[in-house]
Protein chains: 4
Amino acid sequence: MKRSKKKQKPNAKLWGGRFTEDLNALAFEFSKSIHIDKRLYREDIAGSLAHIEMLAQKGIIAPSEASQIGRGLREIEKEIDEGVFPLDSGQEDIHLAIEQRLFEKIGNVAGKLHTARSRNDQIATDERLWLRSAIQTLAESVASLQRALLEKSDAHFGAIMPGYTHLQRAQPILLSHHLLAHIETFERDKSRLRDALARMNFSPLGAAALAGTPIPIDRHKTAKALGFAGIVENSIDAVSDRDYVIEFISACAIAMMHLSRLAEEWVLWSSQEFGFITIADAFATGSSIMPQKKNPDMAELVRGKTGRVYGALISVLTTMKGLPLAYNRDMQEDKVPMFEAFDTTKQCFDIFAEMARSTEFHESEMKKAVHRDFSTATELADYLTKKGVPFREAHEIVGNIVRFCVAERLLLPDLHLKTLHAFSPAFDDDVFEYLNPEKSPARKKSAGSTSPKEVAKQIAKWKRLLNLN
Amino acid sequence: MKRSKKKQKPNAKLWGGRFTEDLNALAFEFSKSIHIDKRLYREDIAGSLAHIEMLAQKGIIAPSEASQIGRGLREIEKEIDEGVFPLDSGQEDIHLAIEQRLFEKIGNVAGKLHTARSRNDQIATDERLWLRSAIQTLAESVASLQRALLEKSDAHFGAIMPGYTHLQRAQPILLSHHLLAHIETFERDKSRLRDALARMNFSPLGAAALAGTPIPIDRHKTAKALGFAGIVENSIDAVSDRDYVIEFISACAIAMMHLSRLAEEWVLWSSQEFGFITIADAFATGSSIMPQKKNPDMAELVRGKTGRVYGALISVLTTMKGLPLAYNRDMQEDKVPMFEAFDTTKQCFDIFAEMARSTEFHESEMKKAVHRDFSTATELADYLTKKGVPFREAHEIVGNIVRFCVAERLLLPDLHLKTLHAFSPAFDDDVFEYLNPEKSPARKKSAGSTSPKEVAKQIAKWKRLLNLN
Amino acid sequence: MKRSKKKQKPNAKLWGGRFTEDLNALAFEFSKSIHIDKRLYREDIAGSLAHIEMLAQKGIIAPSEASQIGRGLREIEKEIDEGVFPLDSGQEDIHLAIEQRLFEKIGNVAGKLHTARSRNDQIATDERLWLRSAIQTLAESVASLQRALLEKSDAHFGAIMPGYTHLQRAQPILLSHHLLAHIETFERDKSRLRDALARMNFSPLGAAALAGTPIPIDRHKTAKALGFAGIVENSIDAVSDRDYVIEFISACAIAMMHLSRLAEEWVLWSSQEFGFITIADAFATGSSIMPQKKNPDMAELVRGKTGRVYGALISVLTTMKGLPLAYNRDMQEDKVPMFEAFDTTKQCFDIFAEMARSTEFHESEMKKAVHRDFSTATELADYLTKKGVPFREAHEIVGNIVRFCVAERLLLPDLHLKTLHAFSPAFDDDVFEYLNPEKSPARKKSAGSTSPKEVAKQIAKWKRLLNLN
Amino acid sequence: MKRSKKKQKPNAKLWGGRFTEDLNALAFEFSKSIHIDKRLYREDIAGSLAHIEMLAQKGIIAPSEASQIGRGLREIEKEIDEGVFPLDSGQEDIHLAIEQRLFEKIGNVAGKLHTARSRNDQIATDERLWLRSAIQTLAESVASLQRALLEKSDAHFGAIMPGYTHLQRAQPILLSHHLLAHIETFERDKSRLRDALARMNFSPLGAAALAGTPIPIDRHKTAKALGFAGIVENSIDAVSDRDYVIEFISACAIAMMHLSRLAEEWVLWSSQEFGFITIADAFATGSSIMPQKKNPDMAELVRGKTGRVYGALISVLTTMKGLPLAYNRDMQEDKVPMFEAFDTTKQCFDIFAEMARSTEFHESEMKKAVHRDFSTATELADYLTKKGVPFREAHEIVGNIVRFCVAERLLLPDLHLKTLHAFSPAFDDDVFEYLNPEKSPARKKSAGSTSPKEVAKQIAKWKRLLNLN
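Residues numbered from 1 in each chain as written. Chains lettered and ligands numbered in written order. Predicted model: local features only at pLDDT ≥ 70, side-chain atom pairs only at ≥ 80, totals over all residues. Heavy atoms only, no water.

Participant: Describe the relation of the copies chain C and chain D, and please don't skip the residues or the numbers.
Facilitator: In the superposition of chain C on chain D (RMSD 0.0 Å, axial shift 0.0 Å), the rotation amounts to 180 degrees. The relationship between the two copies is best expressed as a two-fold rotation axis. When the interface residues of chain C are mapped onto chain D, 100% of them are again interface residues, pointing to one common binding face. (Least-squares fit on C-alpha atoms with pLDDT ≥ 70 in both. Contact = heavy atoms within 4.5 Å.)

In structure tokens form, the structure reads like this:
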């Protein structure tokens, strides 16, 4: 009458009673998750330890049982740490793998571990614990890139470059100012991660399958022991929810979008056409056929991997769409995207930080570029505005001048005052200092602008915030 | 030498000077955004009013000019409100439409409005202002559904239903408990929206094109006047960033995912097979061919529209991928998804709240269902655990009992103690009260569980939080 | 006992009998689709005409009834064409709007039109008919861009430019060859659209709600009359399927991906750094603040709109995920993405074709670029290979030479034979003709290569295929 | 002067000459792809064999060199097959791993293998070859599920069930008819895969880096040897294109969408509420806490994994967006999604086919369901139509009857003729045979309908097409 308990079907242990037939081998392969969720073993054991201690404190199991189980779990953790107990060999999932090993080590008392909990609340606990630390790790990777950019920003303070809109040269800016814009951007990524962390930091443990348990457990105690800010207050929500995964991946997707923009710029800037930076040989690769090639592969890969994280986001959103409460097995599919988003995003920020540190910025090339265009045209319009010409009219006048220059193949500093007068009588001798692009940034007055004074303020602020001396 | 200023090419006004040729008609149609961004006219005018007042306070324009422009703008707002000044008729975008109308009304002094700003910082200001109020509106729609569910939860307090996992009956729960799970879920949506709001509530105004401006404006003053918490601190970031759009849509996507789950349940529950609810005729539609049909169309449409919001999210993420700083015209494509996410999400929450209020819950059908299955099997295992049987063993024993019942076409309450004894000697007379599913919820003890006591606590909490009496 | 038939609830006509209450106003607004599906009126009427004719031929309705209905429908089509009968004013959907107008025109005999069909098969028929013609239109837009590129390819035959990989200069290529690569790409888009068309060109008409009909209709007859290749052979599949929408949008998404790559190139090429092309003033716009700006807005918008079409794809895929058969109201949400994908894709190809025609290519700038780098390094390696050096060794030697040149700030043609000999004794006098990048393309021998001979062949082929003289 | 060639930086072999520094270890880890592309080793070797043979035939390398290299490659393939030569241990990618092993085996002549090709055309060749066989494998998996469903369709011919729209009972249909609808659906998936195959079956080999090669190779010869239908005709397109990957994943995504619909149905049908099927114990799993549970995990996982494939699609579309021609390193990111789409889709179809074969269909439960509702209401309306009542009026009458029944808690067969007459005088004695749902299917007349005659025809057709006896 009993379902046979073959070694390779350990799950029979968990829920064999009702079944007359073993799980089909293909079905086992299809549904197992140990090869993926084994990454959660520390969190799984931490959760179990908190749970077992609480059970003993509440008198639900005997203290001696608790310490037996606790000792067993700690040993198993060590075994896994050291590779002595190999996961991913025929178990269904991480919870089961650990529990079965516990049976082997301490016998039937192991069966008490699963008192008053279910794999449904257990996996949710594991994931939240894992994400908590993943977020901290990732935020540090983001900060590391911020620091690398800040160092460059600091080192090249004063260097001028063309600012772009529409990838057309717009106005001269400080290179530092441009790099600081990315630092601001990444700061929002960290802030988004922090908010996600705060929102997920509640304990689902003890929700059991979905309805709670008749056993008088203390969920607040386990929550506290595990460092959660409190408990998830509705047991059905506790096992139905995967917001924490999605919000995390969404934050990663936005961060990767930011990084892809920086990567795009470095691909452009290291091209022969721009020539603004040289990526160190150690972060570039060559071609198997073209001996002269030195390619910005890391930046390209970062840009390309953005797709992976977007894909991970759509993956979980799709999986969760239209699922009735509470737990459904579909939800097992949240882990691959969660891990993939973390790994990819972290790796991309790390490599970019490393690469940034060894990248050379060519101040002279950037300065040369600034002199080769019309990027002081806005100054000229501002000049006219100061002389009382309404802005729209000033804009029109300068536009005409630029058109004239383009036709005559001249640049603005090439023009004589007489020529300028033909376009507007408001021009005066003092106009010429407005035509030197190198003087442009310093003339900016507004808060947050590219003026060296403002940029220096920003650098100081970021040094403080990022603990950089 | 001048570019011709035909009436239908008003943009010539803005940047005609440099150009020798008018914008191609097809290109104008392709690139204009007035039919979309006209929705931002109030925000655009509010931004301009704050800007112009600051310009006067700083002595950049004369007070009389400021009041002329201010009066003009207020009149234009009224004209648009009243439909007197029709937008979407040949203008390029909302900024230009308003400015040109201002020229018509007050003449050349209108040209001073655009002093020390660009459309790049202007649109970012408009969007942030619009989203600020959109988020508040949307949060209210979410709260409205929460209240509708809470009313039902309150009204049906005590009603029992099958709790599901894997859409298989799991354990008896209170209907109220289930509805409260959705309320928790939606609370996270509001919290996510609030975080997004806090992160975006900074003023980009005065960043100008990207580099700031030589004109001595006070960005803090306009920020304050517009209710922002501060300024975006880097002018390049100010015009390059669209995080606020993406984070908003991401929050909408998660909210829609939640709503799609509720919608799925109502589609199931209103089916002949479940029969748990009846949706009011006013929220159902029939078939053009099958006279008996009454379909849960609103729930289906809500579920289906989830796709639209996911699509909006991918849309902006894709658009922003790999764009170098600062503004690029691609970014104009952020508005359709932003509006679509807001409209769809709001409409879905609103309709669901309305529908929920008029939906009948059939307590008797739910109760009948609970009696027709094995949902007290877990009680039975818990019973054995209390008698000292390790949980895993208890689970196996009860599994065997269920298998026996399935084969014999019996339910658990049909069993005699003698039969139970054949499975385990630990069974006693007191087992039978564990087999009544209606008594199951009250036996739960854990915080957040489905026990009436815990559920009552939750209802009280939510009444307080949602201001429901 | 009757549901009231207020004018503004015309749907009561369709399925009022079973209902005791009118549709809630909010619910009506939420669920109506007339503002979207009105675009299908011609297809809807075409389907009805074929249906009614068949009904008469099969003796199901009287010939006089058929001709009355037919005349009515044709008049309605004319009314809509001419804007006399305004759609989108209180109707639920296009089917109903037309049918109700028919009632107004011809009285109760209009009721016979809906014999043996349902809105479920009707909408599927409408969509397939619409897509059939949309695909042909779109393919023509793609072809138009191909022709514009081919004209440029032909006009600039012989012009040389740097070929890029990783956005680093790789080898000299013919500009024509590069443009032809895009033409190949777009040809696959057309082929993909054609396959989608062939797969969807089957008639669902007569499937009725899902089960077919007891009325002895002839589905083959209507299929033939409507130009379908046959009938959808399973009536449940006929009303459950939306593959045709998804496959169409998927083809659009791939086409937009292609176009975004071309757009990216034109943004790059029109930058000051590349300077390879000048986009006509008629297809560029300026800045409201920077008078000198001329931006490649059309290319940027095309690149940005790629997001919209990707979003549309995810939208429908999400909507259809997990829907049981047969028709579910969720499926109504297929139309916005379908129309949006079509409109966006068509508009983007059209504008690009127009822009391409008026874009100037600067052969001299491209040629200058080719001379400024190491793009003949591969030639040099190939040269050594011909002299018997294994390719891998040749590659290493040339790599060393390039490294030497970079350090010494030399280009390859600057080297003396003596210097070359220091790297390999295999170099000989004949090496120097390999160092002229302008001679590089002609040396290529492989099919499909950038050699003028091969490129000329391709141009000839495309002229033939695209009917260009 | 030489870059050091440490063992762990084998890529130095490929492109070391120009570099002064080894690749950073983190960068190597980040950019290597051997752990992913090792799956392509057979295709890579097949491509090399065809290439080397052609080189010899064209006299570019000596016959003896070719046979040396060929022998070496065949040995390497065997080594990998047998696990003797472990991949994924410090190599950069599969091409390099094989080539370096070749050097070890046959010495410097190995260097001739890379004559006239690049990794750019090599990887494109490998992928196309791999996909060609992947598509055939996948099509067979789809066919296998079709056969499993066809067997069930055949075995249960005649069984009746409720047909659903909006998940509301609509009309009685044959179970076989419903299953056949899925078979039709999957046939389109196979057809889509076939089209993708035909479009990708062209050889990029010999395109070299992007420009072709001066070495007089014969691309048609290698194309033919590798079973391609021809060559990719433009060498730049050959290395820039990844359409084949995207189109393949898109076809997988649509197939998964289809499968998710079937999976949703099986989740519903195996619920206590529907009770239409029993999934075999071998394809279900239990709960760790609830002993009675038997969950349809395989169907749920299939439904959930749909997200993975959608994610893969968005992943590659995003990666390719906005990339200039020709090869960019971003494109390396196409492989994970390609393999993931294949593996997931294949696995899901395989498991579903297996599960389907062992699933029990409960004809009696389905029949019972049909008797418990109003699914013959359409018959009744059709009956009235036959009696000359216009369809719209008939629909209204029957709607009223249903409303009456709902209020009185009656079913249609419970009504007396007198009661029916109160609704319409057109009713007659013969009406009652229309009220038996079991007779409903047979009354359908239209092609493709649920009438047993039509369904039998479909079964016969599919048996023929799927080679099922």
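Participant: Run through the domain arrangement of chain A, naming residues and quoting values.
Facilitator: Residue and element names in this part refer to chain A. For chain A, the assigned domains are domain 1 (16-115) and domain 2 (120-368). Opposite the 23 residues of domain 1 that make contact, domain 2 presents 22 residues. Summed over both sides, the interface between domain 1 and domain 2 buries roughly 1,900 Å², with carbon and sulfur atoms accounting for 66% of that surface. Contact with domain 2 buries surface across domain 1, with Arg39, Leu40 and Glu43 losing the most and accounting together for 29% of the total. Summed over the shared surface of domain 1 and domain 2, the number is two salt bridges. Across the pair Arg329 and Glu92 runs a salt bridge whose closest N-O atoms are separated by 3.5 Å. Taken together, the elements giving at least two residues each to the side of domain 1 that touches domain 2 come down to helix H3 (34-37) and helix H4 (41-57). If you tally residues by element for the side of domain 1 that touches domain 2, the top one is H4, at 10 residues. Per-class residue counts for the side of domain 1 that touches domain 2 are seven nonpolar, nine polar and seven charged. (Domains from an automatic or database assignment. Buried area = accessible area lost by both parts, 1.4 Å probe. Salt bridge = Lys/Arg side-chain N within 4 Å of Asp/Glu carboxyl O. Helix = DSSP H or I, 4+ residues; strand = E, 2+ residues; numbered from the N terminus. Nonpolar A, V, L, I, M, F, W, Y, C, P; charged D, E, K, R; others polar.)

Participant: Pulling in residues and values, what's your account of the interface of chain C and chain D?
Facilitator: Of the residues lining the interface, 118 residues belong to chain C; the matching set on chain D comes to 118 residues. Of the roughly 9,800 Å² buried at the junction of chain C and chain D (both faces included), carbon and sulfur atoms supply 57%. If you sort the residues of chain C by the area they bury against chain D, C:Arg261, C:Arg392 and C:Arg403 come out on top, with a joint share of 9%. Between the two partners, chain C and chain D, sit 15 salt bridges. Taking the shortest distance from any N to any O, the salt bridge between D:Arg188 and C:Asp241 comes out at 3.2 Å. Summed over the shared surface of chain C and chain D, the number is 56 residue pairs in polar contact (both at pLDDT 80 or more). If you tally residues by element for the side of chain C that touches chain D, the top one is helix H11 (residues 243-269) of chain C, at 13 residues. Partitioned by chemical class, the residues of the side of chain C that touches chain D number 45 nonpolar, 41 polar and 32 charged. (Polar contact = N/O pair within 3.5 Å; in protein donor to acceptor, adjacent residues only side chain to side chain.)

Participant: Provide a residue-level description of the interface of chain A and chain D, including the pertinent values.
Facilitator: Of the residues lining the interface, 66 residues belong to chain A; the matching set on chain D comes to 66 residues. Regarding the contact of chain A and chain D, the summed buried area is about 5,600 Å², with carbon and sulfur atoms giving 62% of it. At the boundary of chain A with chain D, the tally comes to eight salt bridges. With its nearest N and O atoms 2.6 Å apart, the salt bridge here joins A:Asp330 to D:Arg303. Our enumeration of links across chain A and chain D arrives at 25 residue pairs in polar contact (both at pLDDT 80 or more).

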